[in-house]
Amino acid sequence: MGMVGLVMGAALATGSIVSGIISQWFNWQGVFVFFELIIGLLFLINIFVGQNVIVKKEVHLDIPSLIGLFGFAMVLFGVQSLGHTTKPSSMIAMMMIGLVLSVYFVHRQGNLAQPMLDFKVFKQPGFTLGLLLTGASYIALIVMTVLMPLYYQNVLHTSKLVSGLLMVPPAALMAVMNRRSGKLLDQKGLKVVMRIGAASIFIGYAGLALTFGMHNVVLAVIFAAFGEVGNAFMMLPATTYANNQLPDYLITHGSAMISTARQFAGVIGVLVATTIVSGFGGLHDAYIVFGIGMTVMIVTVWRITARYQGAK
């Protein structure tokens with residue numbers, strides 16, 4: 001998982017540079033065109049190089065479950081679009097339909113001999129803990145990556161290219177620390193790693209809120225680094241911990257649950273952040289709000305990790 005985090009951090013570092021370069025000379029659609037070409041190339045390479053490493057077995061594809069599964073996508077899209085749509089009533093209606101389908105999906109999974117997603121994973125308290133911590137960490141990361149370019153460009157008045165370059169040091173440091181956090185998880189357990197991560201994220205957001213008016217690019221990069229490094233000690237270690245609580249036959253279901261929860265958490269976090277920035281006090285208030293949120297998270301981490309023996 002540490003290697004996975006290393007790759008993700010490297011992607012954040014290089015992605016910001018590439019996006020900054022493209023945005024500097026082309027319109028925003030150019031970013032999507034470029035990455036569409038990259039994805040297409042990877043798809044072609046995978047056809048000839050990729051190997052299946054999972055043991056195959058026959059399973060029944062339950063069509064009603066597949067239809068119900070679309071409910072999650074409808075809710076996710078509705079939440080994501082609610083902040084900037086011109087037809088909020090339509091989005092709310094779609095979300096309500098999606099919520100009904102989602103409830104139907106969950107209910108049906110509990111009555112199938114071979115569920116598409118096995119919700120028995122939530123019977124393990126340690127799994128639920130890991131899932132919640134992963135979601136909170138992802139909110140902190142994704143909001144940081146959304147707010148920092150806005151701060152660099154709108155407050156410090158840097159170019160898009162420079163703002164992309166300024167995103168590289170925190171992401172690169174996060175990539176490196178992901179490897180270290182995995183080893184520390186093995187040595188010290190979840191409690192130590194999670195507390196380091198929560199404290200680092202809190203320092204990042206609190207520092208950005210307190211130094212906002214100084215317009216100091218060095219301080220901005222340093223505190224952004226604290227926020228992203230904290231993620232290295234939270235998200236993937238929490239994912240590892242959550243999956244370790246499950247028997248082998250439930251691990252694929254647990255991974256799917258964590259990925260879904262992470263996406264919902266990221267969308268909600270971005271929605272809250274953009275609503276604060278555009279509808280209330282602006283960037284400074286966004287840092288303050290999420291700084292307070294990280295205070296709640298750090299207290300929660302301290303209490304929850306002490307509650308479970310498995311989080312020693």
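Since this is a predicted model, take the numbers as computed values, not measurements.

Peer 1: Sorry, what's going on with helix 10 (residues 235-244) here?
Peer 2: Residues spaced three or four apart along an α-helix face the same direction, because each turn holds 3.6 residues. In terms of burial, helix 10 is largely enclosed, as 8 of its 10 residues are buried. Buried within helix 10 we find Met235, Leu236, Pro237, Ala238, Thr239, Tyr241, Ala242 and Asn243.

Peer 1: It is not clear to me how unusual backbone geometry should be interpreted in this structure. Could you clarify?
Peer 2: Glycine aside, residues mostly have negative phi, and peptide bonds are mostly found in the trans state. Positioned with a positive phi, His157 is a non-glycine residue whose angle comes to about 60°. The phi angle at His215 is positive, at roughly 55°, despite the residue not being glycine. Looking at the element boundaries, His215 is found in the loop between helix 8 (190-210) and helix 9 (217-232). Residue His215 is classed as partly exposed on the basis of its relative accessible area, which comes to 46%.

Peer 1: Looking at this structure, I do not really get the nonpolar core. What am I missing?
Peer 2: One recurring pattern in soluble globular proteins: nonpolar side chains tend to sit buried together. Ranked by internal contacts, the top residues of the largest apolar core, which has 46 residues, are Met148, Tyr151, Tyr152, Met194, Tyr205 and Tyr287. If you list the elements that add at least two residues to this core, you get helix 5 (125-155), helix 7 (168-188), helix 8, helix 9, helix 10, helix 11 (251-279) and helix 12 (283-307). No other element matches helix 5, which puts 11 residues into this core. Ignoring anything within four residues of it in the chain, the contact list for Tyr152 reads His157, Thr158, Ser163, Leu166, Met167, Val217, Ala220, Val221 and Ala224.

Peer 1: How should I be thinking about the packing of helix 8 against helix 10 in this particular structure?
Peer 2: A pair of packed helices can be characterised by two numbers: the angle between their axes and the separation between those axes. At their nearest, the axes of helix 8 and helix 10 sit 10 Å apart, and the two run at 150° to each other. Taken together, the axes of helix 8 and helix 10 are roughly antiparallel relative to one another. The crossing of helix 8 and helix 10 is left-handed. Residues Leu190, Val193 and Met194 of helix 8 pack against Pro237, Ala238 and Tyr241 of helix 10. Of the residues that constitute the contact of helix 8 with helix 10, the class distribution is 6 nonpolar, no polar and no charged.

Peer 1: What is the right way to look at the confidence of the model for the protein chain in this model?
Peer 2: Detailed conclusions should not be drawn from predicted coordinates in areas where pLDDT is low. Chain-level pLDDT for the protein chain is 85 on average; 95% of the residues reach the 70-or-more range. Across the protein chain, the element-wise mean pLDDT spans from 75 in helix 1 (residues 2-25) up to 93 in helix 9.

Peer 1: In this structure, what is going on with the packing of aromatic side chains? I would like to understand it.
Peer 2: The geometry of an aromatic ring pair is captured by the separation of the ring centres together with the interplanar angle, meaning the angle of the planes. Under the defined criterion, the tally for this structure stands at 13 aromatic pairs. Ring centres 5.6 Å apart and planes at 90° place the aromatic pair Phe72 and Phe105 in the edge-to-face group. Note that Phe72 is positioned in helix 3 (residues 63-81) and Phe105 in helix 4 (residues 88-109), a separation of 33 residues in sequence. The exposure class of Phe72 is partly exposed, given its relative accessible area of 21%. With a centroid separation of 6.3 Å and 85° between ring planes, the pair formed by Tyr151 and Tyr287 is classed as edge-to-face. A residue pair is termed long-range when its members are at least 10 positions apart, and Tyr151 in helix 5 and Tyr287 in helix 12 qualify at 136 residues.

Peer 1: Any chance you could explain the packing of helix 5 against helix 10 here in plain terms?
Peer 2: At a closest axis distance of 8 Å, the pairing of helix 5 and helix 10 adopts a crossing angle of 165°. By the angle between their axes, helix 5 is roughly antiparallel relative to helix 10. The two elements helix 5 and helix 10 cross, and the hand of that crossing is left-handed. Counting all contacts with helix 5, which are made through Gly126, Phe127, Leu129, Gly130, Leu131, Leu133, Thr134, Ser137 and Tyr138, the residues of helix 10 involved are Met235, Ala238, Thr239, Tyr241, Ala242 and Asn243. Class assignment for the residues of the contact of helix 5 with helix 10 results in 9 nonpolar, 6 polar and no charged.

Peer 1: Please explain the environment of Val296 as it appears in this structure.
Peer 2: By the secondary structure assignment, Val296 is in helix 12. By relative accessible area, Val296 is classed as exposed at 52%. Taking the C-alpha atoms as reference, Val296 lies 19 Å from Ala232; in sequence the two are 64 residues apart.

Basis of the calculations
- Residues numbered from 1 in each chain as written.
- Predicted model: local features only at pLDDT ≥ 70, side-chain atom pairs only at ≥ 80, totals over all residues.
- Heavy atoms only, no water.
- Buried < 20%, exposed > 50% of the residue type's maximum accessible area, 1.4 Å probe, protein only.
- Helix = DSSP H or I, 4+ residues; strand = E, 2+ residues; numbered from the N terminus.
- Core = buried A, V, L, I, M, F, W, Y, C linked by side-chain atoms within 4.5 Å.
- Contact = heavy atoms within 4.5 Å.
- Axes fitted to C-alpha atoms, helices over the stretch in contact; angles between N-to-C directions.
- Parallel < 35°, antiparallel > 145°, perpendicular 65-115°, else oblique.
- Left-handed = near helix turned anticlockwise from the far one by under 90°.
- Nonpolar A, V, L, I, M, F, W, Y, C, P; charged D, E, K, R; others polar.
- pLDDT = per-residue confidence, 0-100.
- Phe/Tyr/Trp six-rings, centres within 6.5 Å; stacked < 30°, edge-to-face > 60°.

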